[in-house]
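# Observations on chain architecture
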Amino acid sequence: MAENTALETRSLVRIALFAALIGVLGLVPPVYLPMAAGVPVTAQSMAVMLAGLVLGGRNGALAVALFLLVVALGAPLLSGGRGGLGVFFGPTAGFALGFIPAALVTGWLAQRLPWPRLAANLVAAMVGGIGVLYLCGVPALAAIAHISLTKALLGSLAFVPGDMLKAVLAALAARTVQDSGALGNSRR
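Throughout this document, residue positions are counted from 1 along each chain, in the order its sequence is written. Residues qualify for local features only when their pLDDT is at least 70, as the model is predicted, and side-chain atom pairs are given and counted only at 80 or more; totals for whole chains, interfaces and linings, by contrast, use all residues. Only hydrogens and water are set aside; all other atoms, that is, all heavy atoms of the structure, feed into the side-chain values.

## Concerning the overall build of the protein
Let me state the cut-off plainly: Put simply, DSSP marks the helices as runs of H or I at least four residues long and the strands as runs of E at least two long, and each gets a number from the N terminus on. Values of the radius of gyration come from C-alpha atoms, whereas the globule rule sets the reference at 2.2 Å times the count of residues to the power 0.38. By the convention used here, residues are in contact when the closest approach between their heavy atoms is within 4.5 Å. Accessibility throughout is a Shrake-Rupley quantity obtained with a 1.4 Å probe, and a residue counts as covered only by protein chains that appear here. Asp and Glu are treated as the negative residues and Lys and Arg as the positive ones, with His and the ends of the chain left uncounted. In plain terms, the charge of a residue is placed at NZ if it is Lys, CZ if Arg, CG if Asp and CD if Glu.
Assigned secondary structure in the protein consists of seven helices and two strands. Compactness check: the protein gives a C-alpha radius of gyration of 16 Å against a globular reference of 16 Å for 188 residues, within 12% of the reference. Each principal axis of the C-alpha distribution contributes one length, and for the protein these read about 55 × 35 × 25 Å. When contacts within the protein are restricted to residue pairs at least 6 apart in sequence, those whose partners lie at least 24 apart make up 70%. About 9100 Å² of surface is accessible on the protein, with carbon and sulfur atoms providing 74% of the total. Averaging the positions of the 11 positive and the 4 negative side-chain charges in the protein gives two centres separated by 8 Å.

Here it is in structure tokens:
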């Protein structure tokens, strides 16, 4: 029983650590692109990918949910110093809320792909951290900004090269953490 409690405690600490990491990456100033209807380029999506890759789907999603709860309570941890309930009603709401399924799918997929760790991490980060995130964010952006879905999608395409770079960096960082055993037992 003590071993099970220690495992739960370690998981909670890791979840809190990754929630804090997502918040810290919110300190990196956002970059606004003219065609993106108010959605900034941020470093936080990379931390979401990393949370899923390192913690697994469930715990990665819990880390993101904890982060978003703290933001909802008013902590200005989203890129650009944004926080409070209002951020969940603006043009970035779908992307912010999409962080949860993005981390979940990233982690779930990385654990199941039968490829070498780095390749599995990279594909999982691209599918979950980019594909799922856009699937959540683009329709919400279109609806909230009162623009067509096509315009929202085309504007979001400007983010793809940077997001691909973030996926590569997250996959490499996750592999380093996994190989080092820095956070306990490796998933593979």
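## With respect to the environment of Gly52
With respect to the helices and strands, the residue Gly52 is situated in helix H2 (residues 44-55). Measuring from C-alpha to C-alpha, the distance between Gly52 and Leu62 comes to 9.6 Å, with 10 residues separating the pair along the chain. Sequence-distant contacts of Gly52, defined by excluding residues within four places in its chain, comprise Gly57, Gly60, Ala103, Thr106 and Gly107.

## As for the confidence of the model for the protein
Just so we agree on the cut-off: You can read pLDDT as the predictor saying how much it trusts each residue, on a scale of 0 to 100.
Summary statistics for the protein give a mean pLDDT of 91 and a share of 91% for residues scoring 70 or more. Of all the helices and strands in the protein, strand S2 (residues 40-41) carries the lowest mean pLDDT, 78, while helix H3 (residues 57-72) carries the highest, 98.

## With respect to the packing of aromatic side chains
Note the cut-off: Working definition: rings of Phe, Tyr and Trp (its six-membered ring) pair if their centres are within 6.5 Å, and the pair is stacked with planes under 30 degrees apart, edge-to-face with planes over 60 apart, and tilted otherwise. The buried label goes to any residue with under 20% of its type's maximum accessible area, the exposed label to any with over 50%, and the partly exposed label to all in between, with areas taken from a 1.4 Å probe on protein chains only.
For the structure on display, the rule yields one aromatic pair. Judged by centre distance (6.2 Å) and plane angle (85°), the ring pair of Phe95 and Tyr134 falls under edge-to-face. Of this pair, Phe95 sits in helix H4 (residues 93-112) while Tyr134 is found in helix H5 (residues 117-145), placing the two residues 39 residues apart along the sequence. Owing to a relative accessible area of 11%, Tyr134 belongs among the buried residues under this scheme.

## Describing H3
Each turn of an α-helix holds 3.6 residues, which means side chains three or four residues apart point in the same direction. Heads up, the condition is: Expected helix span is taken as 1.5 Å per residue step, with the number of steps being one fewer than the number of residues.
Taking 1.5 Å as the rise per residue, H3 with 16 residues should run 22 Å; its terminal C-alpha atoms sit 22 Å apart, in good agreement. Immediately downstream of H3, the backbone of Gly74 shows phi near 115°, a positive value.

## Side note on the nonpolar core
For clarity, the cut-off: The nonpolar core is taken to be a set of buried Ala, Val, Leu, Ile, Met, Phe, Trp, Tyr and Cys residues, with the residues joined through side-chain atoms within 4.5 Å.
Ranked by size, the top nonpolar core spans 45 residues in total, and within it Phe18, Val48, Leu53, Val64, Phe67, Phe95 and Tyr134 carry the most contacts. Residue assignment for this core shows that the elements contributing at least two residues are helix H1 (2-25), H2, H3, H4, H5 and helix H7 (160-180). No other element matches H5, which puts nine residues into this core. Apart from the residues lying within four places of it in its own chain, the contact partners of Phe18 are Leu50, Ala51, Val54, Leu55, Ala63 and Leu183.

## So, the packing of H2 against H4
Threshold: Axis definition: a line fitted to C-alpha atoms, over the contacting stretch in the case of helices. Angles run 0 to 180 degrees between N-to-C directions. By the definition adopted for this analysis, an angle is roughly parallel if under 35 degrees, roughly antiparallel if over 145, roughly perpendicular if from 65 to 115, and oblique otherwise. The hand of a helix crossing depends on one turn: near helix anticlockwise from the far one by less than a right angle means left-handed, and clockwise means right-handed. By the convention adopted, Pro, Cys, Tyr, Trp, Phe, Met, Ile, Leu, Val and Ala count as nonpolar, Lys, Arg, Asp and Glu as charged, and the other residues, Gly among them, as polar.
For the pair H2 and H4, interaxial distance at closest approach is 7 Å and the crossing angle is 40°. Classified by the angle their axes make, H2 and H4 are oblique. Every pair of crossing elements has a handedness; the one defined by H2 and H4 is right-handed. Each of Gln44, Ser45, Val48, Met49, Gly52 and Leu53 in H2 lies in contact with H4, whose residues at this interface are Phe99, Ala102, Ala103, Thr106, Gly107 and Ala110. Of the residues that constitute the contact of H2 with H4, the class distribution is seven nonpolar, five polar and no charged.

## Topic: the environment of Val28
Of note, Val28 is situated in the loop between H1 and strand S1 (31-32). When the C-alpha atoms of Val28 and Thr176 are compared, they prove to be 23 Å apart, with 148 residues separating the residues in sequence. Discounting chain neighbours no more than four positions away, the residues touching Val28 are Ala43 and Ser79.

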